[in-house]
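Okay, here's what each chain looks like letter by letter:
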Amino acid sequence: MQVSVRDNNVDQALRALKKKLQREGVFREMKLRRYYEKPSERKAREGSEAVRRLRKVERKRKEREGF
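One structure accompanies this document, and this report is about it. Quantities reported herein were computed from a predicted structural model and do not represent experimental measurements. One numbering rule holds for all chains: residues counted from 1, following each sequence as written. Totals for whole chains, interfaces and linings use every residue, but because this is a predicted model, local features are given only for residues with pLDDT of at least 70 and side-chain atom pairs only at 80 or more, for both listing and counting. Excluding hydrogens and water, the side-chain values take into account all heavy atoms of the structure.

**Section: the pattern of salt bridges**
The term salt bridge refers to a pairing of a side-chain nitrogen on Lys or Arg with a carboxyl oxygen on Asp or Glu at a separation within 4 Å. Inspection of every chain in the model, using the stated rule, returns seven salt bridges. Linking Glu29 and Arg33 is a salt bridge whose minimum nitrogen-to-oxygen distance equals 2.5 Å. By relative accessible area, which is 64% here, Arg33 ends up exposed. For Glu37, the salt bridge is made with Arg45, and the minimal N-O distance between the two is 2.9 Å. Under the scheme applied here, a residue whose accessible area is under 20% of the maximum for its type counts as buried, over 50% as exposed, and between as partly exposed, the area being computed with a 1.4 Å probe on protein chains only.

**Comments concerning the layout of surface pockets**
Only protein atoms enter the 1 Å grid, on which a cavity is a set of points fitting a 1.4 Å probe that cannot get out and a pocket is an open set with protein on both sides within 12 Å along at least 5 of 7 lines, lining residues being those with an atom within 4 Å of a point. Grid points are joined across faces, edges and corners, and a volume is the space filled by probe spheres set on the points. Estimates place the volume of the largest pocket at around 240 Å³. Lining the largest pocket, in full, are Arg28, Glu29, Leu32, Arg33, Tyr35, Tyr36, Glu37, Lys38, Pro39, Arg42, Arg45 and Glu46. Going along the chain from the N terminus, every DSSP run of H or I of four or more residues is numbered as a helix, and every run of E of two or more is numbered as a strand. Of all the secondary-structure elements, those providing two or more residues to the lining of the largest pocket are helix H2 (26–32) and helix H3 (39–65). No other element matches H3, which puts four residues into the lining of the largest pocket. The residue classification treats Ala, Val, Leu, Ile, Met, Phe, Trp, Tyr, Cys and Pro as nonpolar and Asp, Glu, Lys and Arg as charged. All others, Gly included, are polar. Taken together, the residues of the lining of the largest pocket break down into four nonpolar, no polar and eight charged.

**Digging into the environment of Ser48**
Inspection of the secondary structure assignment puts Ser48 in helix H3. Assessed through its relative accessible area of 35%, Ser48 is described here as partly exposed. From its side chain, Ser48 meets the backbone oxygen of Arg45 in a polar contact 2.8 Å long. Any N or O atom pair separated by 3.5 Å or less is treated as a polar contact, with the protein-specific requirement of one donor-capable and one acceptor-capable atom, and with residues adjacent in sequence counted only for side-chain atom pairs.

All quantities given are derived from atomic positions and should not be read as evidence of function.
The following block contains the structure:
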């Protein structure tokens, strides 16, 4: 990943880099890899995340339709 520094403004470049890393999910990945996760725990976590995503999409769809 690459971010260009313009006019020696390192703070702005750092913010842009952090935003890109956040979008890519790097921080979340680092947090998950801090400790070993058993395959059964990983499967359970991914399943619950999928359910959460589906419920969110359904909630947004109902909100859009006016329920």
